[in-house]
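Here are the chains, one letter per residue:
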Amino acid sequence: MTVLVTGGAGYIGSHTTVELMEHGEQVTVVDNLQTGHRQAVPDTKLYVMDIRDTQKLTEVLHQYRVDTVVHFAANSLVGESVQNPLKYYENNVAATAKLLSAMVDARVNNIVFSSTAAVYGEPVRIPINEDDPTTPTNPYGETKLAIERMLRWCHTAYGINSISLRYFNAAGAHSSLPMGEDHEPETHLIPIVLQAALGQREFVSIYGDDYPTSDGTCIRDYIHVMDLASAHRLAVQRLRSNGQVCESINLGNGTGFSVQQVIEMARKVTGVDIPAKYASRRVGDPAVLVASSQRARDVLGWQPKYADLATVISTAWNWHRTHPYGYQD
């Protein structure tokens, strides 16, 4: 049995590929390298192709006797999705429909889908659980929710089993391998803060200091990328062993940290007095986003190993200080 990882040259996809291989899985990667990095893919087969090439994808599924797909391939910039929603419907929704068509043709019945906390929009309560309303506030979240719904209909019509994993804020890097976060442009807080520690940015912008939180800055739930990877591995196991499955599961630590707390911890970890400046709030930023991960614990048997903020930032800092220009180094 082989696991096909789409988008396996990306940040979370590459870490998940390593996690799967370290636990004895045969893995094949498909990535068009639009945002991924060839150097991030471990010693396994990489097909540089688009998942919309249904004929070629079906051949790959047959050739490697794939029984489960782990699907990361997507565009994921919230701001860009607002400016260019059609790109996101084409590259996320339409491309996933092509992937599912290839799976039906090749009789592959299991898929783990990389979803997002953005499906919830403005939360109605904290912590957020999977039964809360899904009212996305941007096209990125809308496309991920559309795919989740498409998976439900494909479960009914074709017997495709799926687990949609709704991430909160992925962060950190592999503790021993030269792998980490390398985006252009970079939009995630922790790598931005560490770029400032390296002198690659003049300062970190803190968007808003008047939120109803302890220090006035936004609170987010940061989850280590290897904890995300282990959840994907456990989801693959659940699909193989439980037959009829179609469900959505949050992935977060269940603990929130403010922007100010992240910067302060980064200062301690790096030993650098990282400069920061306050700026106006960004439209659409909720004050607090924290997940309930109880379903992941109950259903997957998942237990995060890197839950404390110092560990998350330390592993990220080890990657950034040794690879200040990402995979170009």
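For the structure, check the block above.
Figured I'd write up the structure that's included with this text. Values in this document were obtained by computation on a predicted structure and should not be read as measured data.

Here is what the cut-offs are and how they apply
- Residues numbered from 1 in each chain as written.
- Predicted model: local features only at pLDDT ≥ 70, side-chain atom pairs only at ≥ 80, totals over all residues.
- Heavy atoms only, no water.
- Pairing = 2+ DSSP bridges.
- Helix = DSSP H or I, 4+ residues; strand = E, 2+ residues; numbered from the N terminus.
- Axes fitted to C-alpha atoms, helices over the stretch in contact; angles between N-to-C directions.
- 1 Å grid on protein atoms, 1.4 Å probe; cavity = no way out; pocket = protein on both sides within 12 Å on 5 of 7 lines; lining within 4 Å.
- Points joined across faces, edges and corners; volume = space filled by probe spheres on them.
- Polar contact = N/O pair within 3.5 Å; in protein donor to acceptor, adjacent residues only side chain to side chain.
- Contact = heavy atoms within 4.5 Å.
- Buried < 20%, exposed > 50% of the residue type's maximum accessible area, 1.4 Å probe, protein only.
- Right-handed = clockwise from strand over helix to strand, strands pointing away.
- Disulfide = S-S within 2.5 Å.

As for the sheet that holds strand β1 (residues 2–6)
- If you walk across this open sheet you meet the seven strands as β3-β2-β1-β4-β5-β6-β11, and the pairing is parallel. Two strands lie at the open edges of the sheet, namely β3 (45–47) and β11 (246–251), each paired on one side alone. In this sheet, adjacent strand axes meet at a mean angle of 20° when their direction is disregarded.
- Relative to β11, strand β6 (residues 161–167) runs parallel, the two sharing six bridges. Counted as the bridge partner of Ser164 is Ser248 from β11.

Concerning empty space enclosed by the protein
- Scanning the model with the defined rule gives one cavity of 30 Å³ or more in all.
- Put simply, the largest cavity is a space of about 30 Å³.
- In this structure, the largest cavity is lined by Gly172, Ala173, Glu181, Ile190, Pro191, Leu194, Ala316, Trp319 and His320.
- Contributions of two or more residues to the lining of the largest cavity are made by α6 (189–197) and α10 (309–322).

As for the side chain of Asp132
- The residue Asp132 is located in the loop between β5 (110–116) and α5 (139–158) in this model.
- Among the polar contacts listed, one links the side chain of Asp132 to the side chain of Arg125, at a separation of 2.7 Å.
- Excluding anything up to four places from it in sequence, Asp132 contacts Tyr120, Val124, Arg125 and Pro127.

Examining the layout of surface pockets
- Quantified by volume, the second largest pocket comes out at close to 320 Å³.
- Lining the second largest pocket are 19 residues, and of these Asp182, His183, Glu184, Gln195 and Tyr325 lie nearest its centre.

Observations concerning the sheet that holds strand β12 (residues 257–258)
- Judged by pairing direction, the sheet is mixed, and its three strands sit side by side in the order β12-β9-β14 without closing on themselves. The strands lining the two open edges of the sheet, one partner per strand, are β12 and β14 (288–289).
- Sheet topology note: the strand β9 (residues 219–220)/β12 ladder contains two bridges and is antiparallel. Bridge pairing in β12 places Arg220 opposite Phe257.

Points about the environment of Asp221
- On the secondary structure map, Asp221 appears in the loop between β9 and β10 (222–224).
- Look at Asp221 and you get buried, because its relative accessible area is 0%.
- When the C-alpha atoms of Asp221 and Val283 are compared, they prove to be 19 Å apart, with 62 residues separating the residues in sequence.
- Leave out the neighbours within four places in its chain, and Asp221 touches Phe168, Asn169, Gly252, Asn253, Gly254, Thr255, Leu289, Val290 and Ala291.
- For Asp221, the side chain forms a polar contact with the main-chain nitrogen of Asn253, separated by 2.8 Å.

Some thoughts on the environment of Tyr158
- Among the structural elements, Tyr158 can be located in helix α5.
- The spacing of Tyr158 and Val104 is 54 residues in sequence and 7.1 Å in space, taken between C-alpha atoms.
- Discounting residues that sit within four places of it in the chain, Tyr158 has contacts with Val104 and Asn109.

With respect to the pairing of strand β2 (residues 26–30)
- In terms of residue burial, β2 counts as a mostly covered element, since four of its five residues are buried.
- Here β1 pairs with β2 via five bridges, running parallel. Paired with Val5 across the strands is Val29, a residue of β2.
- Handedness of the crossover is the feature at issue here: the chain leaves β1, passes through helix α1 (residues 11–22), returns alongside β2, and the resulting connection is right-handed.
- The pairing of β2 with β3 spans three bridges and is classified as parallel. Of the residues in β3, the one forming a bridge with Thr28 is Lys45.

Brief notes about the state of the cysteines
- On inspection of all chains with the given rule, the structure shows zero disulfides.
- Free of any disulfide, Cys246 has its nearest neighbouring cysteine sulfur in Cys154, separated by 9.2 Å.
- Cys246 gets classed as partly exposed once you look at its relative accessible area, which sits at 30%.

Things to note about unusual backbone geometry
- Omega for the peptide link from Ile126 to Pro127 comes to 0°, which places this bond in the cis form.
- With respect to the helices and strands, Pro127 occurs in the loop between β5 and α5.
- The omega torsion of the bond from Glu184 to Pro185 falls at 5°, within 30 degrees of zero and hence cis.
- In this structure, Pro185 sits in the loop between β7 (169–171) and α6.
- The phi angle at Leu33 is positive, at roughly 60°, despite the residue not being glycine.
- Along the chain, Leu33 falls in the loop between β2 and β3.
- Accessibility expressed as a relative area gives 23% for Leu33, which makes it partly exposed.
- The backbone of Arg107 shows a phi angle near 60°, a positive value even though the residue is not glycine.
- With respect to the helices and strands, Arg107 occurs in the loop between α4 (85–106) and β5.
- Overall, the relative accessible area of 75% leaves Arg107 in the exposed class.

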